[in-house]
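Inside the fold
The chain contents come next:
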Amino acid sequence: MSELVSKQLSELLKKLREEQVIAYPTEAVFGLGCDPDSEVAVNRLLQLKQRPWEKGLILIAADFAQVEPYIDVSALSYIQQQRMFSTWPGPVTWVIPAKAQTPKWLTGQFSSLAVRVSDHPLVKQLCLAFGKPLVSTSANLSGEAPCRTAEDVLSQFGKNFPVLSGKVGGRLNPSEIRDALTGAQLRRG
């Protein structure tokens, strides 16, 4: 890890612990993220995005253990679990029944939660250093195109917005979203 990335990670971890919203590169676009366990942070993110809470959010993680506390894996058969695990780490987000204690500010109007184990090296470093997953939604203001560079983020959100510099992965579209129970594709990747 370069000294610059290490310094940026340290600053971003401080922002996350202060219940702030940050931006970071993912497989296709920059994401906005925050601490999923902080209602204050999630509300800041929703306000920034002008996104209704009812839509629910995605959690992005370094490994399955990070998302496991939020989802009810026992609701999935062995085959459903294997189908999900065969796509991770990678750019596929799965909608899985949520545990009863998973906050509504994450699930929105649903009884499920969308989760992804990323293969992007900076996402993995960030989540591992933070010790848990991050809320992840595309970094763009309502009606604007998703940001694909750190410069795009600073242009849309202001020159002092906390952003982890780096390149997005080579994907053209945001992550595919699939239903873990049915296997149905909910959003094309």
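Details of the structure are given in the entry above.
The following paragraphs examine the structure supplied in this document.

So, how was this worked out
- Residues numbered from 1 in each chain as written.
- Predicted model: local features only at pLDDT ≥ 70, side-chain atom pairs only at ≥ 80, totals over all residues.
- Heavy atoms only, no water.
- Core = buried A, V, L, I, M, F, W, Y, C linked by side-chain atoms within 4.5 Å.
- Buried < 20%, exposed > 50% of the residue type's maximum accessible area, 1.4 Å probe, protein only.
- Helix = DSSP H or I, 4+ residues; strand = E, 2+ residues; numbered from the N terminus.
- Contact = heavy atoms within 4.5 Å.
- Pairing = 2+ DSSP bridges.
- Salt bridge = Lys/Arg side-chain N within 4 Å of Asp/Glu carboxyl O.

Things to note about the nonpolar core
The biggest cluster of nonpolar side chains holds 37 residues, and the ones touching the most others in it are Ile 96 and Val 153. Of all elements in the fold, only strand E2 (30-34), helix H2 (39-49), strand E3 (58-61), helix H3 (64-67), strand E4 (92-97), strand E5 (112-117) and helix H7 (150-157) reach the threshold of two or more residues within this core. Residue contacts for Ile 96: discarding those within four places in its chain leaves Ile 71, Asp 72, Leu 76, Met 84, Trp 88, Ser 112, Leu 113, Val 115 and Ala 180. Core analysis: the second largest hydrophobic core is formed by 15 residues, Leu 12, Ala 62, Phe 130 and Leu 164 among them.

Comments concerning the pairing of strand E6 (residues 134-138)
For E6, the buried fraction is high: four of the five residues fall into the buried class. Across four bridges, E2 lies against E6 in antiparallel orientation. Along E6, the bridge assignment pairs Gly 33 with Ser 136. Here three bridges tie E3 to E6, and the two strands are oriented antiparallel to one another. Residue Leu 59 lies in a different strand from E6, and its bridge partner there is Val 135.

A few points about the pattern of salt bridges
Here the structure, examined in full by the defined rule, presents six salt bridges. The residue Arg 116 makes a salt bridge to Glu 27 at a minimum N-O spacing of 3.1 Å. On the criterion of sequence distance, the pair formed by Arg 116 in strand E5 and Glu 27 in the loop between strand E1 (22-25) and E2 is long-range, its members being 89 residues apart. Overall, Arg 116 belongs to the buried group, its relative accessible area being 5%. The salt bridge partner of Glu 176 is Arg 178, with a shortest N-O separation of 2.6 Å. Each of Asp 35, Asp 37 and Lys 132 takes part in one network of salt bridges that share partners.

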